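If you want the building blocks of each chain, they are given just below.
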Amino acid sequence: MKKIKTHLIFALLVALAATAFNSSAQATLFTFTNTADTNWFVAANWSPNGIPGSQDTAVITRGTVGISDVATVGNLNLSGGTLSAPFGLTIASGGNLTGGVLQGQVTVGPAANLTLNGTGLAGTNTLAGTMNWLAGAISGGFVISSSGVLNLSGAGQVTQYAWLTNSGHIVWNGSGDWLLYNDGSANLGRINNLPGGVIDAQCNNTMRYQYGAEWFSNSGLLRKTMSTNTTTIDVIFTNTATGTVSVQSGEMDFSFANGSYGGIFEAANGTALKFNAGGVLSGSFTAGFGADISFHGGTFSEASAPAFGGAGTVELNGGTLALQNELNPNLQLNGGTINLPPGFQGGVITNLTVSGVTLSGTNTVTGVLNLNGSLSGPLAVASGGVVNWSGGNMTGGVTISPGGVLNISGQNSVDVAAITNGGTINWTGGYVTLLYGSTFYNLAGAVFNIECDNYDFYYYNGSETINNAGLVQKIGTTGQTLIEPNLINTGVVVVQSGTLDFDDYYYGQSGVLGGTFLAASGATLEFNGGGNLTGNFTSAAGGQILLSSGTFTPAPTLVFNGPGANTMTGGTITLTNTVITNLQLEGGTVVL
């Protein structure tokens, strides 16, 4: 009995060995040799004679070969010539495509491992196995099934003329760029990453455009891993509602305009995600600890309210953001410009805090605007409106209605192109620059309270003017405030404390010093830039009014009075009479 079993086992082993030998023997390397006849299915065209099958290797180095029916080959080595497979060719095991052209309908089977390293791949082709794309171009259409893996691992640039649909896995880990080429006709270079599809960027290269019509739509997962520098997506990018962009290491930049950023964006701890060219925001943006998500350039708008969060920084630091609704408190404003839509807060600003950015457009404040930034368009402060301004520029000018308030505070410099004040301005800190030859109109009934010891000075051309028909008063501080724009006064200027010095001397303008000037007890009102003396100057007991420098021209309406000191200590004055009552001449030059 044992002898019979032993014989059976031996016979089985012999049979298995024979099967393996026969299988191996059937795997043949066929080289296409006929330059006259192009038919794949003619055995005489191959050396040795035969037709490559599913376990064989086909080698083509030159000429044109046509497949006139469905075919399967184990391995394909193509280094030259053209292989056309319009009815379908399945590559079962793999091979090397190093030159020539492969076109038609090619399927890389689930078990295959194929290398594309110079061959032009054209037609409508399917990847179910693995393909290593080192060099060469793909045109037509390219479908990666759920089992497919495409490795972009070469040292040079690869060029995609084809539309590409991915349900599998793309690993971009080479040292070359990925060029998409879409001319709108024969070449339609674009990427559609479907739900379940994964694209791993493990390099520091750029997905580039050729014409500007190239696009990348992500409904799956776009992930940056491994590399620690920057991967750039420089084609039109759309992240759909099911799409996720995850930066696990380094930085990923989106640098082409017209992007649409829905779905999910994640920046892991210590990484960066940057948007350089604007786009539509509707997704969620989450920054891990030490991570930064920045909207850095271009024009951004909101399709719906985006969500910002995480332990890291999500910031606007450049470009323009057109708001749809309220400002998101989790979005830091560190630069750039904010645009308010026509319907924002009912068409006017009722409650808004803006810091570090520029507010553009024409805006009206009926409630409270806290601004530590700039305005590029006109600002109107309605009755009951309050603007608290602590830094930046107002290049569009500001108009304050009766009952409106502008508070200027802080330690920063604020620059304004023009002011028309019919309400109240309280200047408690910071340095004010009047820009571009503009005028500050303080209208009749308006109040300009100076409650600091700082400067209000012209910009660079010296023609800026303060035209006061209301009340300008310095109160509350005991130091000096210097006013350098040219003063035209028909209203009231009062110094309740400290020193108020009008110092327009740089460009020799002649102010009109009309209206009423008052220096309270212990206070000083000083003129260092000359001017036409047409008003009423009164110094209280212990107060003083000084004419210190510049050229002064008295008018018949000029009056100096009060028990305090009215004194000329410098400059030049031209007398029309022999004396000016109540003006002590202690210095300077008198011209008769």
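### Concerning the overall build of the chain
(1) Moving on: Of the regular secondary structure elements, the chain holds 1 helix and 68 strands.
(2) Moving on: Relative to a compact globule of 592 residues, whose C-alpha radius of gyration would be 25 Å, the chain shows 40 Å and is clearly more extended.
(3) Moving on: By its C-alpha atoms, the chain is 145 × 60 × 35 Å across when sized along the principal axes.
(4) Moving on: A total of 592 residues make up the chain; the buried ones form 49% of that total.
(5) Moving on: When contacts within the chain are restricted to residue pairs at least 6 apart in sequence, those whose partners lie at least 24 apart make up 27%.
(6) Moving on: As displayed, the chain offers around 23,100 Å² of accessible surface, 54% of which is attributable to carbon and sulfur atoms.

### Structural notes on the nonpolar core
(1) Moving on: One finds Phe254 and Phe295 to be the most contacted residues of the largest nonpolar core, which totals 131 residues.
(2) Moving on: Beyond its immediate chain neighbours, meaning those up to four positions away, Phe254 contacts Leu222, Ile233, Phe237, Val245, Tyr261, Phe265, Leu273, Lys274, Phe275, Asn276 and Ala277.

### Things to note about the environment of Gly288
(1) Moving on: Within the fold, Gly288 resides in the loop between strand S32 (284-287) and strand S33 (292-295).
(2) Moving on: Here Gly288 falls in the buried class, since its relative accessible area comes to 15%.
(3) Moving on: Sequence separation between Gly288 and Ala272 is 16 residues; the distance between their C-alpha atoms is 9.5 Å.
(4) Moving on: In contact with Gly288, not counting residues within four places along its chain, are Ala267, Ala268, Asn269, Ala311 and Gly312.

### Quick look at the pairing of strand S36 (residues 313-322)
(1) Moving on: With 4 bridges connecting them, S33 and S36 associate as parallel partners. When the bridges of S36 are listed, Ser294 appears paired with Glu315.
(2) Moving on: Examined bridge by bridge, strand S34 (residues 299-302) and S36 share 3 bridges and lie parallel to one another. Residue pairing for S36: Phe300 is matched across the bridge by Leu321.
(3) Moving on: Here 6 bridges tie S36 to strand S37 (residues 332-339), and the two strands are oriented parallel to one another. Among the inter-strand pairings, Leu316 is bridged to a residue of S37, identified as Leu333.

### Examining the confidence of the model for the chain
(1) Moving on: Summing up the model confidence of the chain, the mean pLDDT is 92 and the portion of residues at 70 or higher is 94%.
(2) Moving on: Note on residues 1-25: pLDDT under 50 across the span, and 1 contact to partners over four residues away in sequence or across chains.

### Details of the side chain of Asn125
(1) Moving on: Inspection of the secondary structure assignment puts Asn125 in strand S10 (residues 124-127).
(2) Moving on: Only 2.9 Å separates the side chain of Asn125 from the backbone oxygen of Ala122, close enough to count as a polar contact.
(3) Moving on: In this view, Asn125 contacts Gly104, Gln105, Val106, Gly141, Phe142 and Val143; residues no more than four positions away in its chain are not counted.

### Regarding the side chain of Ser539
(1) Moving on: Counting through the fold element by element, Ser539 comes out in strand S61 (residues 536-539).
(2) Moving on: Take Ser539: its relative accessible area is 0%, and that puts it in the buried class.
(3) Moving on: Engagement of the side chain of Ser539 in a polar contact is seen with the backbone nitrogen of Ala565, the distance being 3.3 Å.
(4) Moving on: Other than its neighbours up to four places away in sequence, Ser539 contacts Ala519, Gln544, Ile545, Asn561, Gly562, Pro563, Gly564, Ala565 and Asn566.

### Details of the pattern of salt bridges
Any two side chains of opposite charge can pair, given that their charged atoms come close.
(1) Moving on: The full count for this structure, using the stated rule, is 4 salt bridges.
(2) Moving on: We note a salt bridge from Asp200 to Arg223, for which the minimum N-O separation is 2.6 Å. A residue pair is termed long-range when its members are at least 10 positions apart, and Asp200 in strand S20 (residues 198-201) and Arg223 in strand S23 (residues 221-224) qualify at 23 residues.
(3) Moving on: The buried category is assigned to Asp200, whose relative accessible area is 4%.
(4) Moving on: Arg223 gets classed as partly exposed once you look at its relative accessible area, which sits at 24%.
(5) Moving on: One salt bridge in this structure joins Asp453 and Lys474, with 2.8 Å as the shortest N-O distance. Residue Asp453 is found in the loop between strand S49 (447-450) and strand S50 (455-458), and its partner Lys474 is found in strand S52 (residues 471-474); the two are separated by 21 residues along the sequence.

### Observations regarding the packing of aromatic side chains
(1) Moving on: Summed over all chains, the structure comprises 30 aromatic pairs.
(2) Moving on: Between Phe254 and Phe275 the ring centres are 5.5 Å apart and the planes differ by 10°, which places this aromatic pair in the stacked class. Of this pair, Phe254 sits in strand S27 (residues 251-254) while Phe275 sits in strand S30 (residues 272-275), and the two are 21 residues apart along the sequence.
(3) Moving on: Judged by relative accessible area, Phe275 falls into the buried class, the value being 0%.
(4) Moving on: Seen from their ring centres, Phe275 and Phe285 are 5.9 Å apart, and the 80° between their planes marks the pair as edge-to-face. Here Phe285 lies in strand S32 and Phe275 lies in strand S30, a separation of 10 residues in the sequence. In this pair, the class of Phe275 matches that of Phe285, namely buried.
(5) Moving on: Three or more aromatic residues link up through ring pairs in this structure, and these residues are Phe216, Phe237, Phe254, Tyr261, Phe265, Phe275, Phe285, Phe295, Phe300 and Phe308.

### Examining a nonpolar patch on the surface
(1) Moving on: Side chains of Leu585, Val590 and Leu592 sit close together on the surface and give an oily, nonpolar patch of about 320 Å² of accessible area.
(2) Moving on: Within the secondary structure, Val590 sits in strand S68 (residues 589-591).
(3) Moving on: Overall, the relative accessible area of 35% leaves Val590 in the partly exposed class.

### Concerning unusual backbone geometry
(1) Moving on: A cis amide bond, omega -5°, links Ser47 with the succeeding residue Pro48.
(2) Moving on: Within the fold, Pro48 resides in the loop between strand S2 (46-47) and strand S3 (57-60).
(3) Moving on: At Met226, a residue that is not glycine, the phi angle is positive and equals roughly 70°.
(4) Moving on: Along the chain, Met226 turns up in the loop between S23 and strand S24 (230-233).
(5) Moving on: Of note, Asn258 is a non-glycine position whose phi angle comes to about 70°, a positive value.
(6) Moving on: With respect to the helices, strands and loops of the structure, Asn258 is situated in the loop between S27 and strand S28 (260-261).
(7) Moving on: On the basis of relative accessibility, which here comes to 60%, the residue Asn258 falls in the exposed class.

Rules used throughout
- Residues numbered from 1 in each chain as written.
- Predicted model: local features only at pLDDT ≥ 70, side-chain atom pairs only at ≥ 80, totals over all residues.
- Heavy atoms only, no water.
- Helix = DSSP H or I, 4+ residues; strand = E, 2+ residues; numbered from the N terminus.
- Rg over C-alpha atoms; globule rule 2.2 N^0.38 Å.
- Buried < 20%, exposed > 50% of the residue type's maximum accessible area, 1.4 Å probe, protein only.
- Contact = heavy atoms within 4.5 Å.
- Areas by Shrake-Rupley, 256 points an atom, 1.4 Å probe, with all protein chains shown as cover.
- Core = buried A, V, L, I, M, F, W, Y, C linked by side-chain atoms within 4.5 Å.
- Pairing = 2+ DSSP bridges.
- pLDDT = per-residue confidence, 0-100.
- Polar contact = N/O pair within 3.5 Å; in protein donor to acceptor, adjacent residues only side chain to side chain.
- Salt bridge = Lys/Arg side-chain N within 4 Å of Asp/Glu carboxyl O.
- Phe/Tyr/Trp six-rings, centres within 6.5 Å; stacked < 30°, edge-to-face > 60°.
- Patch = residues over 30% accessible without salt bridge, like charges linked within 9 Å, V, L, I, M, F, W, Y side chains within 5 Å.

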